[in-house]
Amino acid sequence: MKTCVYFAEKPGNPAVGGLVRGWGFGPDGQWRSRSLPEGAAGLILDDRFLPDRRGLAAARAALAGLPGLLVLDFERPPAPLLAELVRALAGRETAVPPAYRALPHAALLTGPWRGGCAFSRWLAARRADGERLLLDALPLRVRSGPGGPPAPWTGPLPERGFPCPGLGCLHRRLPDGSVLFWDSRQTLLQRLEAAGVSAVVFREDWDGMPED
(Lines give C-alpha, C1' and ligand atoms only; values in the text may rest on other atoms or scores of the structure.)
Protein backbone atom coordinates (compact mmCIF):
# COMPACT_ATOMS: atom_id res chain seq x y z
CA MET A 1 0.00 0.00 0.00
CA LYS A 2 1.46 3.34 -1.05
CA THR A 3 1.81 6.10 1.52
CA CYS A 4 -0.53 8.65 -0.02
CA VAL A 5 -3.97 10.22 0.11
CA TYR A 6 -6.74 8.25 -1.58
CA PHE A 7 -9.88 10.15 -2.58
CA ALA A 8 -13.10 8.22 -1.98
CA GLU A 9 -15.30 8.77 -5.02
CA LYS A 10 -18.91 7.98 -5.82
CA PRO A 11 -19.40 5.20 -8.39
CA GLY A 12 -18.76 6.33 -11.93
CA ASN A 13 -15.46 7.55 -13.27
CA PRO A 14 -13.19 8.41 -10.36
CA ALA A 15 -9.99 10.33 -10.74
CA VAL A 16 -6.93 8.15 -11.29
CA GLY A 17 -5.87 6.83 -7.91
CA GLY A 18 -9.32 7.20 -6.35
CA LEU A 19 -11.17 4.57 -4.33
CA VAL A 20 -14.69 3.75 -5.47
CA ARG A 21 -17.39 3.74 -2.77
CA GLY A 22 -20.69 1.90 -2.63
CA TRP A 23 -19.56 -1.72 -2.84
CA GLY A 24 -21.27 -4.27 -0.65
CA PHE A 25 -24.52 -6.14 -0.22
CA GLY A 26 -28.18 -5.34 -0.67
CA PRO A 27 -31.05 -5.70 1.82
CA ASP A 28 -31.59 -9.24 0.51
CA GLY A 29 -28.02 -10.24 1.36
CA GLN A 30 -26.98 -10.44 -2.30
CA TRP A 31 -23.79 -8.92 -3.72
CA ARG A 32 -24.27 -5.60 -5.50
CA SER A 33 -22.42 -6.52 -8.67
CA ARG A 34 -20.54 -3.79 -10.53
CA SER A 35 -17.28 -3.28 -12.39
CA LEU A 36 -14.32 -1.28 -11.15
CA PRO A 37 -13.75 1.77 -13.38
CA GLU A 38 -10.44 1.97 -15.22
CA GLY A 39 -7.83 3.92 -13.29
CA ALA A 40 -9.35 3.32 -9.85
CA ALA A 41 -6.91 2.50 -7.07
CA GLY A 42 -9.35 0.13 -5.41
CA LEU A 43 -12.69 0.06 -3.66
CA ILE A 44 -14.43 0.66 -0.34
CA LEU A 45 -16.73 -2.14 0.80
CA ASP A 46 -19.31 -1.34 3.49
CA ASP A 47 -21.44 -3.47 5.80
CA ARG A 48 -24.65 -1.48 5.62
CA PHE A 49 -26.31 -4.83 4.86
CA LEU A 50 -24.94 -8.25 5.78
CA PRO A 51 -24.47 -11.03 3.22
CA ASP A 52 -26.12 -14.39 3.07
CA ARG A 53 -24.25 -17.46 1.80
CA ARG A 54 -25.00 -16.77 -1.86
CA GLY A 55 -24.02 -13.12 -1.49
CA LEU A 56 -20.77 -14.12 0.18
CA ALA A 57 -19.89 -16.54 -2.62
CA ALA A 58 -20.60 -13.86 -5.24
CA ALA A 59 -18.46 -11.34 -3.34
CA ARG A 60 -15.55 -13.73 -3.12
CA ALA A 61 -15.73 -14.41 -6.85
CA ALA A 62 -15.99 -10.71 -7.75
CA LEU A 63 -13.21 -9.51 -5.45
CA ALA A 64 -10.83 -12.28 -6.51
CA GLY A 65 -10.48 -10.67 -9.92
CA LEU A 66 -10.15 -7.04 -8.83
CA PRO A 67 -6.76 -5.36 -8.38
CA GLY A 68 -5.82 -2.62 -5.95
CA LEU A 69 -6.56 -1.67 -2.38
CA LEU A 70 -9.64 -3.14 -0.68
CA VAL A 71 -10.90 -0.98 2.19
CA LEU A 72 -13.32 -2.96 4.35
CA ASP A 73 -15.23 -0.14 6.01
CA PHE A 74 -17.17 -2.33 8.44
CA GLU A 75 -18.89 -0.37 11.22
CA ARG A 76 -21.26 -2.98 12.65
CA PRO A 77 -20.20 -5.59 15.24
CA PRO A 78 -18.18 -8.39 13.61
CA ALA A 79 -20.31 -10.79 11.58
CA PRO A 80 -19.27 -14.41 10.90
CA LEU A 81 -19.77 -14.24 7.11
CA LEU A 82 -17.84 -10.98 6.82
CA ALA A 83 -15.04 -12.51 8.89
CA GLU A 84 -15.06 -15.40 6.42
CA LEU A 85 -14.73 -12.90 3.58
CA VAL A 86 -11.77 -11.19 5.26
CA ARG A 87 -10.02 -14.54 5.68
CA ALA A 88 -10.66 -15.34 2.01
CA LEU A 89 -8.84 -12.10 1.10
CA ALA A 90 -5.65 -13.14 2.94
CA GLY A 91 -2.61 -12.01 1.01
CA ARG A 92 -4.47 -9.15 -0.66
CA GLU A 93 -3.91 -5.46 -0.01
CA THR A 94 -6.73 -5.00 2.50
CA ALA A 95 -7.47 -2.48 5.24
CA VAL A 96 -9.77 -3.65 8.05
CA PRO A 97 -11.29 -1.89 11.09
CA PRO A 98 -9.99 -2.59 14.61
CA ALA A 99 -12.76 -5.11 15.32
CA TYR A 100 -11.29 -7.36 12.60
CA ARG A 101 -7.62 -6.84 13.42
CA ALA A 102 -7.10 -10.49 14.43
CA LEU A 103 -7.80 -11.53 10.82
CA PRO A 104 -5.35 -11.24 7.90
CA HIS A 105 -4.86 -7.65 6.69
CA ALA A 106 -2.30 -5.25 5.26
CA ALA A 107 -3.36 -2.18 7.24
CA LEU A 108 -5.69 -1.13 10.02
CA LEU A 109 -8.44 1.35 9.10
CA THR A 110 -8.64 3.88 11.92
CA GLY A 111 -10.02 7.29 12.69
CA PRO A 112 -11.23 9.83 12.23
CA TRP A 113 -9.35 12.12 14.58
CA ARG A 114 -11.81 14.54 16.19
CA GLY A 115 -9.50 16.93 18.01
CA GLY A 116 -9.31 17.13 21.79
CA CYS A 117 -5.62 16.21 21.85
CA ALA A 118 -2.60 16.54 19.59
CA PHE A 119 -2.94 14.56 16.37
CA SER A 120 0.55 13.11 16.82
CA ARG A 121 -0.34 11.74 20.28
CA TRP A 122 -3.65 10.33 19.05
CA LEU A 123 -1.93 8.62 16.13
CA ALA A 124 0.91 7.27 18.26
CA ALA A 125 -1.60 5.49 20.49
CA ARG A 126 -2.97 3.66 17.46
CA ARG A 127 0.52 2.74 16.28
CA ALA A 128 1.53 1.36 19.65
CA ASP A 129 1.50 -2.23 18.43
CA GLY A 130 3.34 -1.48 15.19
CA GLU A 131 0.28 -1.67 12.95
CA ARG A 132 0.40 -0.11 9.52
CA LEU A 133 -2.46 2.39 9.38
CA LEU A 134 -4.91 3.70 6.82
CA LEU A 135 -6.52 6.80 8.27
CA ASP A 136 -10.09 7.93 7.74
CA ALA A 137 -9.03 11.55 7.33
CA LEU A 138 -12.31 13.34 7.98
CA PRO A 139 -11.40 17.05 8.01
CA LEU A 140 -11.48 18.57 11.48
CA ARG A 141 -14.35 21.00 12.10
CA VAL A 142 -15.21 21.28 15.81
CA ARG A 143 -16.17 23.89 18.37
CA SER A 144 -14.85 23.78 21.92
CA GLY A 145 -16.58 25.73 24.67
CA PRO A 146 -14.94 26.73 27.97
CA GLY A 147 -14.16 23.51 29.82
CA GLY A 148 -16.16 21.39 27.41
CA PRO A 149 -15.19 18.67 24.94
CA PRO A 150 -15.02 19.40 21.20
CA ALA A 151 -18.37 19.17 19.40
CA PRO A 152 -18.93 18.94 15.64
CA TRP A 153 -19.44 22.29 13.91
CA THR A 154 -21.70 22.51 10.87
CA GLY A 155 -22.00 26.28 10.63
CA PRO A 156 -20.08 28.59 8.31
CA LEU A 157 -16.34 29.00 8.77
CA PRO A 158 -14.67 32.36 9.43
CA GLU A 159 -13.00 33.99 6.46
CA ARG A 160 -9.69 33.83 8.29
CA GLY A 161 -8.14 31.49 10.82
CA PHE A 162 -4.89 31.35 12.75
CA PRO A 163 -2.48 28.38 12.88
CA CYS A 164 -2.85 26.12 15.90
CA PRO A 165 0.53 24.33 16.13
CA GLY A 166 -0.58 21.96 18.88
CA LEU A 167 -3.39 20.50 16.77
CA GLY A 168 -2.02 21.22 13.31
CA CYS A 169 -5.14 23.03 12.09
CA LEU A 170 -6.65 26.53 12.05
CA HIS A 171 -8.53 28.16 14.91
CA ARG A 172 -10.43 31.31 15.83
CA ARG A 173 -12.28 32.49 18.94
CA LEU A 174 -16.01 33.06 18.47
CA PRO A 175 -17.99 35.93 20.04
CA ASP A 176 -19.42 33.62 22.74
CA GLY A 177 -15.93 32.73 23.97
CA SER A 178 -15.78 29.28 22.42
CA VAL A 179 -13.04 28.35 19.96
CA LEU A 180 -13.57 26.95 16.49
CA PHE A 181 -10.98 24.53 15.08
CA TRP A 182 -11.00 23.50 11.43
CA ASP A 183 -8.94 22.12 8.59
CA SER A 184 -8.02 23.64 5.29
CA ARG A 185 -6.69 21.47 2.49
CA GLN A 186 -3.23 22.74 3.36
CA THR A 187 -3.39 21.88 7.08
CA LEU A 188 -4.82 18.43 6.41
CA LEU A 189 -2.12 17.55 3.88
CA GLN A 190 0.64 18.96 6.09
CA ARG A 191 -0.55 16.88 9.05
CA LEU A 192 -0.71 13.69 7.01
CA GLU A 193 2.69 14.32 5.45
CA ALA A 194 4.30 14.93 8.84
CA ALA A 195 2.77 11.72 10.18
CA GLY A 196 3.77 9.67 7.13
CA VAL A 197 0.42 7.89 7.15
CA SER A 198 -1.82 6.87 4.26
CA ALA A 199 -5.33 8.28 4.36
CA VAL A 200 -8.76 8.23 2.73
CA VAL A 201 -10.58 11.53 2.16
CA PHE A 202 -14.12 11.72 0.80
CA ARG A 203 -14.20 13.82 -2.33
CA GLU A 204 -17.16 15.91 -1.18
CA ASP A 205 -15.37 16.73 2.10
CA TRP A 206 -12.27 17.79 0.18
CA ASP A 207 -14.28 19.93 -2.24
CA GLY A 208 -15.96 21.68 0.69
CA MET A 209 -12.70 22.68 2.40
CA PRO A 210 -10.95 26.06 2.09
CA GLU A 211 -7.63 25.99 0.26
CA ASP A 212 -5.56 27.43 3.11
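Residues numbered from 1 in each chain as written. Predicted model: local features only at pLDDT ≥ 70, side-chain atom pairs only at ≥ 80, totals over all residues. Heavy atoms only, no water.

Colleague: Requested: an account of the pattern of salt bridges, with residues and values cited.
Modeller: As enumerated under the stated definition, the model contains nine salt bridges in all. Across the pair Asp46 and Arg32 runs a salt bridge whose closest N-O atoms are separated by 3.6 Å. You can see Asp46 sitting in strand S3 (residues 42-46) and its partner Arg32 sitting in the loop between strand S2 (19-23) and S3, a full 14 residues away along the chain. The class of Arg32 is partly exposed, set by a relative accessible area of 25%. Here Arg143 and Asp176 are joined by a salt bridge, their closest N and O atoms 3.0 Å apart. With Arg143 in strand S8 (residues 141-144) and Asp176 in the loop between strand S11 (169-173) and strand S12 (179-182), the pair connects residues that are 33 residues apart, well separated along the chain. Assessed through its relative accessible area of 28%, Arg143 is described here as partly exposed. Note on Asp176: relative accessible area 52%, which makes it exposed. (Salt bridge = Lys/Arg side-chain N within 4 Å of Asp/Glu carboxyl O. Helix = DSSP H or I, 4+ residues; strand = E, 2+ residues; numbered from the N terminus. Buried < 20%, exposed > 50% of the residue type's maximum accessible area, 1.4 Å probe, protein only.)

Colleague: How would you summarise the sheet that holds strand S13 (residues 198-202) if you had to cite specific residues and measurements?
Modeller: What the eight strands build is a closed barrel, ordered S1-S2-S3-S4-S5-S6-S7-S13; its pairing is parallel. For this sheet, the mean angle separating the axes of adjacent strands, direction not counted, is 25°. Where strand S1 (residues 5-9) and S13 come together, four bridges link them in parallel fashion. Across the sheet, the residue bridging to Ala8 is Phe202, located in S13. (Pairing = 2+ DSSP bridges. Axes fitted to C-alpha atoms, helices over the stretch in contact; angles between N-to-C directions.)

Colleague: Just give me the short version of the sheet that holds S11, but keep the residues and values in it.
Modeller: With antiparallel pairing, five strands are arranged side by side in an open sheet as S9-S8-S12-S11-S10. At either end of the open sheet lies a strand with only one pairing partner, and these are strand S9 (151-152) and strand S10 (162-164). Direction of pairing for S8 relative to S12: antiparallel, over a ladder of four bridges. Residue pairing for S12: Arg141 is matched across the bridge by Trp182.

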